[in-house]
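# Tertiary structure, described
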Amino acid sequence: MPTAKSDFLRAMIRRGDFHDATDFEALDAAALKGGVLGYIGFDATAPSLHVGNLMQILKLRIMQRTGQKPIALVGGGTTKIGDPSGKDEMRQIRSEDEIQSNVERIQDLLGRFLTFGDGPTDAILVNNADWLDTLEYIPFLRDIGRHFTINRMLTFESVKARLDRESPLSFIEFNYMILQAYDFLELNRRFDCVLEMGGSDQWGNILNGVELCRRVDQTTVFGLTSDLLTTASGAKMGKTVQGAVWLSEDMLSPYDYWQFWRNTEDADVGRFLHLFTDLPDDEIARLEALDGAEINEAKKILATEATAMCHGVEAAKNAAETARKTFEQGKSGAALPQIDIPRAELENGIPAFDLLRRSGLAASGGEARRLIKGGGGRINDAVIAEDTQPISLQDLGSDGTIKLSAGKKRHALVRPV
């Protein structure tokens with residue numbers, strides 16, 4: 001691992017957030033002076049970003065905290081194309097209205113982690129649709145496309161992987177890497193941005209941008225990547241059996257977000273404390289030294305700190321308190337996810353497997369039936385005997401809700417309306 005002089009690169013390396021960089025020494029020297037503008041792009045493929053994006057968001061946060069100036073680029077333009085990296089099939093084409101709605105929500109979400117404004121280290125928010133939507137095809141091919149060779153593009157991992165699997169790679173996706181490189185050129189021209197960051201799977205695309213800036217404008221810019229994050233067991237970070245771990249509370253409750261971090265594998269606790277919290281190094285060292293049952297306390301701190309960063313301190317405290325009541329006292333907490341069910345339906349009774357599905361505790365009716373058959377389905381902490389067992393108003397607790405559980409760690413409250 002290289003030795004850095006700048007606070008920015010020292011922090012990246014210390015956190016375990018560094019894999020490779022172009023011209024490390026020159027980038028370190030620029031960062032030592034402060035005021036380096038660096039960017040990361042986020043395509044608007046969904047109404048929210050997820051934990052898989054969080055490592056990249058926090059790179060921008062570290063830039064801001066070490067005297068640099070971050071640029072968050074929302075891909076209103078590139079979302080219309082689709083990045084083939086890590087994909088087996090072409091990205092779904094979304095409407096202009098859907099993309100614009102996603103862009104607006106992602107912009108609001110980024111404001112939870114970054115300070116935007118006009119100050120020397122305040123973040124800048126841009127949308128690449130501002131320049132990509134107005135490109136003229138022939139001039140773009142002549143001025144930009146001529147700097148790319150098919151021979152080299154075919155060597156990129158994102159392309160090779162698709163071809164090796166004999167998965168179709170559309171012409172529109174093949175253009176994505178050129179548009180990403182052009183983003184870097186535009187940001188360099190508009191803001192004097194000299195750094196693009198991303199995961200290691202973006203290394204080829206980032207190098208394209210570095211090379212394009214050199215060829216077209218004779219400017220020196222840099223690229224920096226981190227390892228693609230997986231858990232100690234090899235699972236992809238930010239994915240669960242229920243799907244993506246979203247950062248927006250209307251897509252995943254703060255309680256479920258807290259539980260995701262609480263369920264971190266023992267071997268990942270120290271690494272995740274470095275990557276996903278703002279705790280000082282000496283406190284992380286103390287928590288890393290815990291073992292046996294004590295490691296659970298470190299997991300709770302990780303969960304609370306990560307949830308506070310995303311959803312605020314109050315939501316994090318509520319989630320932690322709900323978990324304490326649920327697991328330590330056997331009670332329901334106010335922060336448990338709730339679903340509203342028409343009172344008339346509950347009067348007639350709803351099959352247990354169907355209610356588990358509707359609550360989100362099971363992805364399908366079949367999964368719910370298997371859960372109940374295996375003894376993992378519970379109502380008000382009592383094991384559900386039959387998958388068709390009717391759940392009705394008679395099952396309401398003193399708080400006016402019905403508590404559903406999938407195993408020991410996942411719960412939801414049913415409320416009649």
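Look up a bit, the structure's there.
Residues numbered from 1 in each chain as written. Predicted model: local features only at pLDDT ≥ 70, side-chain atom pairs only at ≥ 80, totals over all residues. Heavy atoms only, no water.

A separate point is the overall build of the protein chain. Within the protein chain, the regular secondary structure consists of 19 helices and 15 strands. Over its C-alpha trace the protein chain gives a radius of gyration of 24 Å, about what one expects of a compact globule, namely 22 Å for 417 residues. When the 417 residues of the protein chain are sorted by exposure, 51% land in the buried category. Restricting to contacts in the protein chain with at least 6 residues of sequence separation, those with at least 24 account for 72%. (Helix = DSSP H or I, 4+ residues; strand = E, 2+ residues; numbered from the N terminus. Rg over C-alpha atoms; globule rule 2.2 N^0.38 Å. Buried < 20%, exposed > 50% of the residue type's maximum accessible area, 1.4 Å probe, protein only. Contact = heavy atoms within 4.5 Å.)

A word on helix α10 (residues 176-191). Between its first and last C-alpha atoms α10 spans 22 Å; for 16 residues at 1.5 Å apiece the expected length is 22 Å, and the two agree. Across the 16 residues that make up α10, a large majority, 13, are buried. Within two residues after α10, Asp-192 carries a phi angle of roughly 60°, on the positive side. (Expected span 1.5 Å × (residues − 1).)

What follows deals with the sheet that holds strand β9 (residues 338-341). With mixed pairing, five strands are arranged side by side in an open sheet as β9-β15-β14-β11-β12. Edge positions in the sheet fall to β9 and β12 (382-383), since each has one partner strand and no second. (Pairing = 2+ DSSP bridges.)

The next point concerns the packing of helix α18 (residues 352-359) against helix α19 (residues 365-373). One way to put it is that α18 packs onto α19 with a least axis distance of 8 Å and a crossing angle of 120°. One finds that α18 runs oblique with respect to α19. Our pair here, α18 against α19, has a crossing hand that is right-handed. Of the residues in α19, those touching α18 at Ala-352, Phe-353, Leu-356 and Arg-357 are Gly-365, Ala-368, Arg-369, Leu-371 and Ile-372. (Axes fitted to C-alpha atoms, helices over the stretch in contact; angles between N-to-C directions. Parallel < 35°, antiparallel > 145°, perpendicular 65-115°, else oblique. Left-handed = near helix turned anticlockwise from the far one by under 90°.)

This next bit is on the packing of aromatic side chains. This model, assessed by the stated rule, comprises eight aromatic pairs. Consider the rings of Phe-140 and Tyr-182, whose centres lie 5.3 Å apart with planes at 90°: the pair is edge-to-face. In this pair, Phe-140 is assigned in helix α6 (residues 137-143) and Tyr-182 in helix α10, connecting sequence segments 42 residues apart. When its relative accessible area of 10% is taken as the criterion, Phe-140 is described as buried. (Phe/Tyr/Trp six-rings, centres within 6.5 Å; stacked < 30°, edge-to-face > 60°.)

The next thing to look at is helix α12 (residues 254-262). Within α12, seven of the nine residues are buried, leaving the element largely enclosed by the surrounding structure. Every buried residue of α12 is listed here: Tyr-255, Tyr-257, Trp-258, Gln-259, Phe-260, Trp-261 and Arg-262.

What we call a disulfide is simply a covalent bond connecting the sulfur atoms of a pair of cysteines. Under the defined criterion, the tally for this structure stands at zero disulfides. With no disulfide of its own, Cys-193 has Cys-213 as its nearest cysteine by sulfur position, at a separation of 8.4 Å. A relative accessible area of 0% means that Cys-213 is categorised as buried. (Disulfide = S-S within 2.5 Å.)

We now examine the pairing of strand β3 (residues 69-75). In terms of residue burial, β3 counts as a mostly covered element, since seven of its seven residues are buried. Burial of β3 is two-sided: the residues Lys-69, Ile-71, Leu-73 and Gly-75 facing one way and the residues Pro-70, Ala-72 and Val-74 facing the other way are all buried. Bridge analysis of strand β2 (residues 37-43) against β3 gives seven bridges, and the strand direction is parallel. Directly across from Gly-38, in β3, lies its bridge partner Pro-70. A crossover connection joins β2 to the parallel β3 through helix α3 (residues 51-65); in handedness this β-α-β unit is right-handed. (Right-handed = clockwise from strand over helix to strand, strands pointing away.)

At their nearest, the axes of helix α13 (residues 269-276) and helix α14 (residues 281-288) sit 9 Å apart, and the two run at 160° to each other. In terms of orientation, α13 lies roughly antiparallel with respect to α14. Crossing handedness for the pair α13 and α14: right-handed. Contacts between α13 and α14 involve Gly-270, Leu-273 and His-274 from the former and Asp-281, Ile-284, Leu-287 and Glu-288 from the latter. Classifying every residue of the contact of α13 with α14 by side-chain character gives three nonpolar, two polar and two charged. (Nonpolar A, V, L, I, M, F, W, Y, C, P; charged D, E, K, R; others polar.)

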